[in-house]
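Geometric and topological summary
The primary structure of each chain is shown beneath.
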Amino acid sequence: MMLSYSDLEHIHILHRTRQLYSYLHVVAMTTYTLALLKPDLVGNPLFHRAVLSLISSHGFTIHHEGHITWSRDQAREFYSEHEGRFFHQRLVEFMSNSGVFHAMILAHPTEDAIRKWRQLLGPTKCYQARGNHPPGIRARYGLTDTRNAAHGSDSVESFRREVGVVFPEYEDERVLRFDEVNSTLVGGSNKSG
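None of the values given here were measured: they were computed from a predicted structure. (Residues numbered from 1 in each chain as written. Predicted model: local features only at pLDDT ≥ 70, side-chain atom pairs only at ≥ 80, totals over all residues. Heavy atoms only, no water.)

Next up on the list: the overall build of the chain. Regarding its fold elements, the chain presents eleven helices and four strands. Within the chain, buried positions represent 42% of all 193 residues. Of the contacts formed within the chain by residues at least 6 apart in sequence, a portion of 72% connects residues at least 24 apart. When the accessible surface of the chain is totalled, it reaches about 10600 Å², and 55% of it is carbon and sulfur. (Helix = DSSP H or I, 4+ residues; strand = E, 2+ residues; numbered from the N terminus. Buried < 20%, exposed > 50% of the residue type's maximum accessible area, 1.4 Å probe, protein only. Contact = heavy atoms within 4.5 Å. Areas by Shrake-Rupley, 256 points an atom, 1.4 Å probe, with all protein chains shown as cover.)

So, in structure tokens, the structure goes:
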């Protein structure tokens with residue numbers, strides 16, 4: 001059986017439509033989170049590389065990144081939600097006086113990069129992480145509650161605010177509003193919040 005040119009053209013259109021649908025599905029499911037690898041982790045090249053490997057092996061890709069040093073004011077702005085709590089000043093001093101940290105906007109091809117990154121981190125308190133989630137980054141590489149190796153946004157709202165502090169020049173609305181974009185593309189609500 002011989003296919004006509006119009007048959008081949010129809011098959012080609014169907015193939016391109018499937019490719020486009022597949023692409024939109026992947027784009028619609030891609031979500032983002034902010035990850036900070038703190039100075040205590042970055043200062044140890046073996047640990048830093050190991051965590052970057054974990055990030056990759058868990059399906060994350062680095063969408064945007066930078067190696068950053070903060071002033072006290074920048075650290076204070078980032079951790080403003082903790083102002084007045086007993087650990088706030090200690091955290092500000094650590095993040096502004098301990099050297100470079102590695103900040104990344106991570107992408108994950110699922111509906112909830114924030115939750116997945118926080119699962120990979122494990123509990124904030126290292127002693128709890130070691131007992132309750134030994135494979136987590138904080139259990140493996142964290143030293144104390146302040147020097148707990150890494151940070152992750154806890155909500156879409158925190159993600160937007162934190163990206164604005166860490167990467168003030170960053171303006172990719174597709175990423176900053178991924179929950180709204182995803183909802184529009186798939187015609188429903190996103191569970192990322």
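We now examine the pattern of salt bridges. Inspection of every chain in the model, using the stated rule, returns five salt bridges. Arg115 serves as the salt-bridge partner of Asp112, at 3.5 Å between the closest nitrogen and oxygen. The exposure class assigned to Asp112 is buried, which follows from its relative accessible area of 13%. Linking Lys125 and Asp145 is a salt bridge whose minimum nitrogen-to-oxygen distance equals 3.8 Å. Placement of Lys125 in the loop between helix H6 (113-121) and helix H7 (126-132) and of Asp145 in the loop between helix H8 (137-141) and strand S4 (150-152) is noted, with a sequence separation of 20 residues between them. (Salt bridge = Lys/Arg side-chain N within 4 Å of Asp/Glu carboxyl O.)

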